[in-house]
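Observations on chain architecture
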Amino acid sequence: MPADYTPATIADVRRLRDTLDQQGRKLVFTNGCFDLLHAGHVRYLEQARALGDAMVIALNSDQSVRTLKGPDRPLNHQNDRAEVLSALRAVDAVVIFDDERATLLIDAIRPHVYAKGGDYTVDSLNREERAALENAGTQICILPLVPGRSTTSTINKMLGSGNAGACESKLRIAVLGSGEGSNLRAIIAAIQSSALIAEIAITLSDQADSNFLKIAREAGLTAQFVDGGPNPRRLSDAAQKEIFEHLERARVDVVVLAGFMRILKEPVIGAYQGRIVNVHPSLLPKHKGASAPQLAIDAGDSETGCSVHLVTSEIDAGLILAQAKVPVLSGDTAETLHARIKIEEHKLLPQVLNEWRERGLPVRGAGVP
Ligand code: GAR
């Protein structure tokens, strides 16, 4: 009977690092949860190991995986995950750590090389982790991810086949917003009345004090603030990445932009292509951008409205799924007009989402030029 597996201690790894250092050889360090080992992990670890002469994996403890990925994870206990990893030829030691970030371990081990999976850039690395690496003189290497293989996609496949009826019928959505949150409130109401058969897995906002987040919290939803960075229209690379991670963790089918006023880019746009919808207060392709009701008044339009459309990398330009018209009345201000447009949005958006659930995309071609 083989002896029970015991993970390495920080002192063990530090000794390994010092021995290698004396020999002019290099210790590679990487970190992660490695909950359900797949070929993508194995290939990534092989590539990482080739950057030096030995490799240590800092493995997130069960507690830290729960914090990062939600209460359903990890699937496998930390010692089991460590034992499986340590059996790989690329891995020389596995050390378990409790924090969300590996900063303290990097400080203690001072590895020669740090490897990270390629959905990061050097700029989107956690600031503290990056500072610890620079302080230790560690070389940072970003390696490409192996496409099509991820723990989340494996879990989703398993859920899809084992639980088909339940999973097919309920749309799992994320709602992103920056402002008042009236569209979020309409989605919640539609779910409560069963007009929309969906589950809001997560809500995200770039505005910490927004009414949007307040509504989400009051409804008992997961409500997450993401610091978008200094530019009010752009999202920093780190924020783009953070939003992607939240969506992946929440295992959403569809991303709904309900008054989210910053521009989403990679990795979300690519990973959720065809599954991101936006509601916009004009009859697109007219009046794109941030002040659509005012633009309709300035243009002297007699009618405007709202559009629900797919989101692509081009602003307000993806396939239009549905539209509703609203008359522009004499004496309308941007505020009075926008308020009437929102009344239509509150009906249209839940309706589009439910039709999506029933039929799959595209829902309908209304308004497609
Ligand atoms: C909505 O009218 C939506 O169409 C608009 O922001 C408002 C958000 O209201 N979106 C855009 O202008 C996007 N270009 P809400 O926070 O009350 O739901």
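Just above sits the structure.
The model shown is predicted, which means the values in this text are computed figures rather than measured ones.

**So, the site of the ligand**
Lining the immediate surroundings of the ligand are 14 residues, of which Gly 181, Ser 182, His 338, Lys 342 and Glu 345 lie closest. Separating a nitrogen atom of the ligand from a side-chain N or O atom of His 280 is a distance of 3.1 Å. When the ligand is considered free in solution it has 440 Å² of accessible area, and contact with the protein chains removes 93% of it. Among the secondary structure elements, those contributing two or more residues to the shell around the ligand are α9 (182-192), β10 (276-280) and α14 (334-359). Of the residues belonging to the shell around the ligand, the class tally is 3 nonpolar, 8 polar and 3 charged.

**Regarding the pattern of salt bridges**
Scanning the model with the defined rule gives 19 salt bridges in all. The residue Asp 35 makes a salt bridge to Arg 73 at a minimum N-O spacing of 2.8 Å. On the criterion of sequence distance, the pair formed by Asp 35 in the loop between β1 (27-32) and α2 (39-49) and Arg 73 in the loop between α3 (62-69) and α4 (78-86) is long-range, its members being 38 residues apart. Across the pair, Arg 73 and Asp 35 agree in class, each one buried. The partner of Lys 214 in a salt bridge is Glu 218, with the nearest N and O atoms 3.8 Å apart. Of this pair, Lys 214 and Glu 218 both sit in helix α10 (residues 211-218), 4 residues apart, roughly one helical turn.

**What to know about the sheet that holds strand β5 (residues 139-143)**
Taken in spatial order, the 5 strands of this open sheet run β3-β2-β1-β4-β5, and their pairing is parallel. Of all the strands in the sheet, just β3 (93-97) and β5 have a single pairing partner and so form its edges. Neighbour-to-neighbour, the strand axes of this sheet turn through a mean angle of 25°, independent of strand direction. Inspection of the sheet shows β1 paired to strand β2 (residues 54-60) by 6 bridges, in the parallel sense. Bridge assignment links Asn 31 to a residue of β2, and that residue is Ala 58. The sheet strands contacting α2 are β1, β2, β4 (113-117) and β5, and the helix crosses β2 at an angle near 135°.

**Thoughts on the packing of aromatic side chains**
By the definition in use, this model includes 1 aromatic pair. With centroids separated by 6.0 Å and ring planes inclined at 25°, the aromatic side chains of Phe 29 and Tyr 114 adopt a geometry described as stacked. Of the two residues, Phe 29 sits in strand β1 while Tyr 114 sits in strand β4, which places them 85 residues apart along the sequence. No difference in accessibility class separates Phe 29 from Tyr 114, as the two residues are buried.

**Observations concerning the side chain of Ser 64**
Looking at where Ser 64 falls in the secondary structure, it is placed in helix α3. On the accessibility criterion, Ser 64 (1% relative accessible area) is buried. Once residues within four sequence positions are removed from consideration, Ser 64 is found in contact with Phe 97, Asp 98 and Asp 99.

Analysis parameters
Residues numbered from 1 in each chain as written. Predicted model: local features only at pLDDT ≥ 70, side-chain atom pairs only at ≥ 80, totals over all residues. Heavy atoms only, no water. Near = heavy atom within 4 Å. Polar contact = N/O pair within 3.5 Å; in protein donor to acceptor, adjacent residues only side chain to side chain. Areas by Shrake-Rupley, 256 points an atom, 1.4 Å probe, with all protein chains shown as cover. Helix = DSSP H or I, 4+ residues; strand = E, 2+ residues; numbered from the N terminus. Nonpolar A, V, L, I, M, F, W, Y, C, P; charged D, E, K, R; others polar. Salt bridge = Lys/Arg side-chain N within 4 Å of Asp/Glu carboxyl O. Buried < 20%, exposed > 50% of the residue type's maximum accessible area, 1.4 Å probe, protein only. Pairing = 2+ DSSP bridges. Axes fitted to C-alpha atoms, helices over the stretch in contact; angles between N-to-C directions. Contact = heavy atoms within 4.5 Å. Phe/Tyr/Trp six-rings, centres within 6.5 Å; stacked < 30°, edge-to-face > 60°.

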